[in-house]
Amino acid sequence: MAKINFGGVEENVVTREEFPLEKALETLKDETIAVIGYGVQGPGQSLNLRDNGFRVIVGQREGSASWDKAVADGWVPGQTLFDIEEAAERATIIQYLLSDAGQIAVWPSIKKHLTPGKALYFSHGFGITYKERTGIVPPADVDVILIAPKGSGTSLRRMFLQGRGLNSSYAVFQDATGRAFERVVALGIGVGSGYLFETDFKREVYSDLTGERGTLMGAIQGIFAAQYDTLRANGHTPSEAFNETVEELTQSLMPLVSENGMDWMYANCSTTAQRGALDWWKKFRDATKPVFEELYREVAAGNEAQRSIDLNSKPDYREKLNEELREMRESEMWQTGAVVRKLRPENN
Ligand SMILES: NC(=O)C1=CN([C@@H]2O[C@H](COP(=O)(O)OP(=O)(O)OC[C@H]3O[C@@H](n4cnc5c(N)ncnc54)[C@H](O)[C@@H]3O)[C@@H](O)[C@H]2O)C=CC1
Ligand SMILES: CC(=O)[C@](C)(O)C(=O)O
Ligand SMILES: [Mg+2]
Ligand SMILES: [Mg+2]
């Protein structure tokens, strides 16, 4: 394990150099990995494991759309694709990749097959951290481990196919066999991670729920909408408002931030822009800080987890979510986005 200095703080990081794929394959050579659930993470992780040469099977509800998707991806019913219980029974490592709400309903079927020495793997600290709300309490004689890719399962797969890798965090909650660490690291490499950052289940879920509600997804849509609406209310056209809110950010400026940091993006903008951005960013920080503090409190109190459990356990949750996504897609801002995307020169 390497110690790496992050802005003055030392952290544990496992690298592909010290734990190459060959070592991961050797570590798991006697294991059968069952990926339970074929939503977003399920396909990314199981296909990467398969392509990397691990013994992997998929467990999914027969007759569901995800089952058909698994068949289309080359999983063979009765050979590498089973119903959830049968896959859990055959596995020595159960990768529990149902939706966090779905994990609660299916837990009794999984628990039954957690015989001594098996490993239970999560990609989120949710089920374990909020155990009073989820009822997910694994037996003491299994390993309980986590690999949480820091991005969508879609990106995990895409980046793997491009020969890149997405970084993940890893954690050991319970080490019953003495092999939990080598198992989790081998799985992290197997699913296509680049580097593995150490965490624990609670820190993983608190930071993840904050991030996705905050700058990664919730806050960014909020700030886009606020600026777009202000520009429109002041007589700017939709295309102008969209370009100055979203398109320029994703196409031109964020790639520069990704490459070399915020100051470098600033350095590549005009002195006029630099002056304004340097003057205004703290005002935005101060205005949003109370909202982030409220968000973190709600996450730590378990209220965000409870909301997600309650609303995503309803039989019609998928229709309701799709309806809200449709409203977003049909808003003027994102309708404008669809047209602007078509006009990117490379799309012609
Ligand atoms: N979506 C992502 O890219 C990421 C997800 N995660 C975590 O990975 C885990 C899996 O998440 P996703 O892939 O997004 O899941 P998902 O929401 O796509 O659902 C996965 C599968 O669960 C099945 N499912 C849901 N409820 C069920 C039930 N009651 N009975 C049987 N099957 C049911 C669905 O049919 C689907 O095939 C979660 O813990 C999530 O927090 C972590 C990082 C990123
Ligand atoms: C993709 C990811 O890491 C998220 C946003 O946390 C999630 O999908 O839960
Ligand atoms: Mg995440
Ligand atoms: Mg998340």
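Before any of the text, the structure's been laid out above.
Just so it is clear, the structure is predicted and the values come from calculations on it, not from any experiment.

## Brief notes about the coordination of the magnesium ion (ligand 4)
- The protein atoms that coordinate the magnesium ion (ligand 4) are Asp208 (OD) and Glu212 (OE), at distances spanning 2.0 to 2.1 Å.
- If you look at the magnesium ion (ligand 4) and the magnesium ion (ligand 3), they sit 3.5 Å from each other and are both ligated by Asp208. Pair noted here: Asp208 and Glu212 are both in helix H10 (residues 201-213), with a separation of 4 residues, about one helical turn.
- Given the relative accessible area of 25%, Glu212 is considered partly exposed.

## Focus: helix H17 (residues 332-342)
- Along H17, the residues classified as buried are Met333, Trp334, Thr336, Gly337 and Val340. Down the axis of H17, the buried set is contained in an arc of 150°. They therefore lie on one face.
- Buried-residue contacts for H17 involve helix H11 (218-233), helix H12 (238-260) and helix H16 (317-329).

## Observations regarding the site of ligand 1
- Taken together, 21 residues are adjacent to ligand 1, and Gln41, Ser66, Asp100, His124 and Gly153 come closest.
- Contact distances for ligand 1 include 3.1 Å between an oxygen atom and a backbone N or O atom of Val40.
- One nitrogen or oxygen atom from the side chain of Asp100 is found 2.6 Å from an oxygen atom belonging to ligand 1.
- Summarising the interface, the protein chains cover 80% of the accessible area of ligand 1, which totals 820 Å² for the free molecule.
- When residues in the shell around ligand 1 are grouped by element, the largest group, 5 residues, is from helix H5 (residues 100-111).
- Looking at the shell around ligand 1 residue by residue, the class counts come to 7 nonpolar, 12 polar and 2 charged.

## Some details on the site of ligand 2
- In the vicinity of ligand 2, the contacting residues are Gly151, Ser152, Asp208, Glu212 and Met217.
- At 3.0 Å, a side-chain N or O of Asp208 approaches an oxygen atom of ligand 2.
- Separating an oxygen atom of ligand 2 from a side-chain N or O atom of Glu212 is a distance of 2.6 Å.
- Out of a free accessible area of 260 Å², ligand 2 has 60% covered by protein chains.
- Looking at the shell around ligand 2 residue by residue, the class counts come to 1 nonpolar, 2 polar and 2 charged.

## What about the pattern of salt bridges?
- For the coordinates displayed, the defined rule picks out 22 salt bridges.
- One salt bridge connects Asp316 with Lys320, and the closest N-O pair in it is separated by 2.9 Å.
- The partly exposed category is assigned to Asp316, whose relative accessible area is 27%.
- Here Arg326 and Glu330 are joined by a salt bridge, their closest N and O atoms 2.6 Å apart.
- Look at Arg326 and you get partly exposed, because its relative accessible area is 31%.
- Accessibility expressed as a relative area gives 45% for Glu330, which makes it partly exposed.
- By sharing partners, the salt bridges in this structure join Glu31, Asp143, Arg179, Glu182 and Arg183 into a single network.

Definitions and limits used
- Residues numbered from 1 in each chain as written.
- Chains lettered and ligands numbered in written order.
- Predicted model: local features only at pLDDT ≥ 70, side-chain atom pairs only at ≥ 80, totals over all residues.
- Heavy atoms only, no water.
- Donors = N, O, S within 2.8 Å, 3.2 Å for Na, K, Ca; no water.
- Helix = DSSP H or I, 4+ residues; strand = E, 2+ residues; numbered from the N terminus.
- Buried < 20%, exposed > 50% of the residue type's maximum accessible area, 1.4 Å probe, protein only.
- Arc of directions from axis to C-beta.
- Contact = heavy atoms within 4.5 Å.
- Near = heavy atom within 4 Å.
- Polar contact = N/O pair within 3.5 Å; in protein donor to acceptor, adjacent residues only side chain to side chain.
- Areas by Shrake-Rupley, 256 points an atom, 1.4 Å probe, with all protein chains shown as cover.
- Nonpolar A, V, L, I, M, F, W, Y, C, P; charged D, E, K, R; others polar.
- Salt bridge = Lys/Arg side-chain N within 4 Å of Asp/Glu carboxyl O.

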